[in-house]
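Close look at the chain arrangement
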Amino acid sequence: MADENKTNAQNSQQNSLWGGRYAEGPGAIMREINASIGFDRKMWRQDIRGSLAHAAMLAHVGIISAEDEAAIRKGLAEIAAEIDAGQFPFSEALEDIHMNIEARLTERIGEAGKRLHTGRSRNDQVALDVRLWVRDAIDGLDAQIADVMRALVARAAEHAGTVMPGFTHLQPAQPTTFGHHLLAYVEMLSRDRGRLADCRRRLNESPLGAAALCGTGFPIDRHMTAKALGFDGPTRNSLDSVASRDFAAEFLFACAMCATHLSRFAEEIVIWTNPYFGFVKLTDAFTTGSSIMPQKRNPDAAELVRGKTGRMIGNLVSMLTTLKGLALTYFKDMQEDKEPVFDAAENLALALAAIGGMVRDMAPQVDRLAEAAGAGFSTATDLADWLVRELKMPFRDAHHVTGRLVARAEERGVDLAGLTIAEMQAVEPRIHQGVFDVLSVAASVRSRTSHGGTAPANVARMAAEWKERLA
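Here the structure is a predicted model, which means the values were calculated and not measured. (Residues numbered from 1 in each chain as written. Predicted model: local features only at pLDDT ≥ 70, side-chain atom pairs only at ≥ 80, totals over all residues. Heavy atoms only, no water.)

**Brief notes about the overall build of the protein**
Helices and strands together make up the secondary structure of the protein, namely 20 helices and 4 strands. Looking at the protein residue by residue over its 471 residues, the buried ones come to 46%. Long-range pairs, those at least 24 residues apart, make up 74% of the contacts in the protein between residues at least 6 apart in sequence. For the protein, the exposed surface amounts to about 22,800 Å²; the carbon and sulfur share of it is 53%. Charge-centre separation for the protein: the mean point of 53 positive side chains lies 3 Å from the mean point of 60 negative side chains. (Helix = DSSP H or I, 4+ residues; strand = E, 2+ residues; numbered from the N terminus. Buried < 20%, exposed > 50% of the residue type's maximum accessible area, 1.4 Å probe, protein only. Contact = heavy atoms within 4.5 Å. Areas by Shrake-Rupley, 256 points an atom, 1.4 Å probe, with all protein chains shown as cover. Lys, Arg positive; Asp, Glu negative; His and termini not counted. Charge placed at Lys NZ, Arg CZ, Asp CG, Glu CD.)

Right under this line is the structure:
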C-alpha cells in the first residue's frame, strides 16, 4: 500500500510538471490549442488595412453610415498606435488578431465597432491578411535578394580575371575565375526573384467579401476593396477564396529554393575558409572562436545559413502536409498555415543579410587561388581540344591521348606543361611546340569565350550588364 501511494504521488508530480498549465481541465486545453494570437498578431497591420478598406466600402454602398465609418477609421488608427507602442492588451481568450482588434474597437467606439464585420467572415478576413502579409514579405525579400546580387556582382567585377579551380565532384576539373563563380550565384538568385515575383502576381487577388464560404447577400463592392488594397481584382470563386493556401505553399517553395542556393554558397564559404583550401578569409565579424582552441576561426555565420535551410524546407513540407487532406472549404487545420510562413520569411531575411555581409567581408586569397587553379591537371581538356583543333583528331582519340599524357606527367610528378616535347611526341608524334600555348591556366580561362563561358572578358561584360540591371 505504501508503495502504491508512493507511485501515485510520483505520477501526480510528473503530471504537474507537464500538465500543470491545464489544471483547469478541458477548457484550458481547448483555449490553448484554439488560440492563435500568440503568432498571428504579426498580421495586425494587414488586418487593420483590410478593415479600413472594408469599412470604406460599406459606407460607400450605404451599408453603414459615414459617421460609423469615420469612427471606425479613427478607432483603428488609435489601435494601430497602441499596438505600435506595445500597449495593446492582447487576449488569448479572444483567440486571434481579428477578434482582438474588433473587441478593442468596440470598446473604444461602441456600436459602430460591431458593424464593421458586416458582409465578411473571419474566413475571408484571415485569407486576406495572409495574402497581404505574404505580399509585403515578398517585397522585402525581393529588395534583400537584389542587395545580395549587387554585392556578388561588385566582387565579380573586381575578380573577373582572378583564376581559381573549377570543380566537379569537389575534384579539380578546369580552371575558372572567381568572378565567374560568383556570377553563377547571381543567376540563381535572379531566378529566385522571378519565382517570388510570379508568386506575388498569382496571389494578388482579394478574397475579401467571400465571407464564410458562399459570399454574402449584402450589396458589397469587392472590386472597390480589391483596388483599395492594391490587388489586381477580387477572387472569382468564394469557396476557393477561403479554402486555398497554394499561394502560401508557393511562397514557401520560393523561400526554400532561395535558401538552398544560399546554403550552397554557405557550404563553399565553409570549404574555402578551411586552411587546407585557404581560398578566402573572413574577419571576426562573421566568424567565432573556440572555447578551448585559441587558434580557431569558425565560419559560424555560413554554417547557420546552411542549417536554417533545413528548417525552411521543413516549413514547405509542413504546409503541404496540412493542406493535402482538407476538403473544401475552411478547417481549423489552416490555422497552422501562418507559423511556417512567418518563420520562413524571417529566417530567409536573416540568411540573406548574413550572405550579403560575408560576400562584402570576404578577402579572396588571389595567390592561393591561382596556385590551386593549376592543380590536378586542370588544363587536360585544353590539351584534348588542341589535339582536335590542330591535329584534326577525333575527340575520343584526343581524350585517350590526353589521358596517357596525364598518366606520364603523374609518374614524373609534374604538370602537363612540365612534360618535354619529346615525352609528348612519344605518345603522339604529331604534337608540336604550339601545344604549350594552351597548357597554362591563364590561357585556359582566356580561351573559354563561348557565350556564358569563363573568359575574363566575358565575366567583366556580364558583371557590367548585371550592374546596369540592378542599378
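Once the structure has been displayed, the description carries forward.
**Thoughts on the nonpolar core**
Judged by nonpolar contacts, the single largest core of 73 residues is most densely connected at Phe-251 and Phe-265. At the level of elements, helix H8 (122-158), helix H9 (178-203), helix H12 (246-273), helix H13 (300-323), helix H14 (338-361), helix H15 (366-373) and helix H20 (456-470) are the ones that each hand at least two residues to this core. With 16 residues, H12 is the largest single contributor of residues to this core. Every residue in contact with Phe-251, bar those within four places of it in the chain, is listed here: Val-134, Ala-137, Ile-138, Leu-141, Leu-196, Cys-199, Val-341 and Ala-345. Of all hydrophobic cores here, the second largest spans 20 residues; its members include Leu-405, Val-435, Val-438 and Leu-439. (Core = buried A, V, L, I, M, F, W, Y, C linked by side-chain atoms within 4.5 Å.)

**What about unusual backbone geometry?**
A cis amide bond links Leu-328 with the next residue in sequence, Thr-329, at an omega value of 10 degrees. One can find Thr-329 in the loop between H13 and H14. Even without a glycine there, the phi angle at His-169 is positive, about 60 degrees. Topologically, His-169 is positioned in the loop between strand S1 (163-168) and strand S2 (171-177). Its identity is not glycine, yet Leu-170 carries a phi of approximately 60 degrees, on the positive side.

**Some words on the environment of Leu-252**
By the secondary structure assignment, Leu-252 is in helix H12. For Leu-252, a relative accessible area of 0% gives the class buried. Measuring from C-alpha to C-alpha, the distance between Leu-252 and Ser-318 comes to 9.9 Å, with 66 residues separating the pair along the chain. What Leu-252 contacts, discounting residues up to four positions off in sequence, is Asn-315, Leu-316, Met-319, Pro-340, Val-341 and Ala-344.

**Thoughts on the confidence of the model for the protein**
Any region with low pLDDT has predicted coordinates that should not be read closely. When pLDDT is averaged along the protein, the result is 93, and 94% of the positions lie at 70 or above. In the model, residues 9-18 has pLDDT below 50 throughout and makes 1 contact with residues more than four positions away in sequence or in other chains. (pLDDT = per-residue confidence, 0-100.)

**Quick notes on the pattern of salt bridges**
Per the stated rule, a full pass over the model turns up 31 salt bridges. Here Glu-69 and Arg-73 are joined by a salt bridge, their closest N and O atoms 2.7 Å apart. Note that Glu-69 and Arg-73 are positioned in helix H5 (residues 66-84) at a spacing of 4 residues, about one turn of the helix. With relative accessibility at 12%, the residue Glu-69 sits in the buried group. With a relative accessible area of 43%, Arg-73 lands in the partly exposed category. Linking Arg-155 and Glu-158 is a salt bridge whose minimum nitrogen-to-oxygen distance equals 3.0 Å. Residue Arg-155 and its partner Glu-158 are both found in helix H8; the two are separated by 3 residues, about one turn of the helix. Shared partners join several salt bridges into a network, and the residues in it are Lys-74, Glu-78, Glu-82, Arg-104, Glu-107 and Arg-108. (Salt bridge = Lys/Arg side-chain N within 4 Å of Asp/Glu carboxyl O.)

**A short note on the side chain of Thr-176**
By secondary structure assignment, the location of Thr-176 is in strand S2. Polar contacts involving the side chain of Thr-176 include one to the side chain of Thr-454, which spans 2.6 Å. For Thr-176, the contacting residues outside a window of four places in its chain are Thr-162, Val-163, Met-164, Pro-165, Gly-166, Val-445 and Thr-454. (Polar contact = N/O pair within 3.5 Å; in protein donor to acceptor, adjacent residues only side chain to side chain.)

**What about the pairing of S2?**
On any regular strand, side chains alternate: one points to one face of the sheet, the next to the other face. Note that S1 and S2 share 6 bridges and pair antiparallel. Residue pairing for S2: Gly-166 is matched across the bridge by Gln-174. Turn length for the S1-S2 hairpin, with the two strands adjacent in sequence and antiparallel, is 2 residues, and the turn residue His-169 shows positive phi of about 60 degrees. (Pairing = 2+ DSSP bridges.)

**Some details on H5**
Along its 19 residues, H5 runs 27 Å from first to last C-alpha, staying within 8% of the 27 Å computed at 1.5 Å per residue. Here H5 has its buried residues at Asp-68, Glu-69, Ile-72, Gly-75, Leu-76, Ile-79, Ala-80, Glu-82 and Ile-83. The buried residues of H5 all sit within an arc of 155 degrees when viewed along its axis, so they share a single face. The exposed set on the far side of H5, more than 90 degrees from its buried face, consists of Ala-66, Glu-67, Lys-74 and Asp-84. Of the residues flanking the end of H5, it is Gly-86, one or two places downstream, whose phi is positive at about 75 degrees. (Expected span 1.5 Å × (residues − 1). Arc of directions from axis to C-beta.)

**A closer look at the packing of aromatic side chains**
With the rule as written, the count across this model stands at 7 aromatic pairs. Judged by centre distance (4.9 Å) and plane angle (65 degrees), the ring pair of Tyr-185 and Phe-265 falls under edge-to-face. Of this pair, Tyr-185 sits in helix H9 while Phe-265 is found in helix H12, placing the two residues 80 residues apart along the sequence. The exposure classification of Tyr-185 matches that of Phe-265, with both residues buried. Cluster of aromatic residues (ring-pair linked, three or more members): Phe-178, Tyr-185, Phe-265 and Trp-272. Over the aromatic face of Phe-90 sits the side chain of Arg-41, whose NZ or CZ is 4.2 Å from the ring centroid. Just above the ring of Trp-466 sits the side chain of Arg-469; from NZ or CZ to the centre is 3.9 Å. (Phe/Tyr/Trp six-rings, centres within 6.5 Å; stacked < 30°, edge-to-face > 60°. Lys NZ or Arg CZ within 6 Å of the ring centre and 35° of its normal.)

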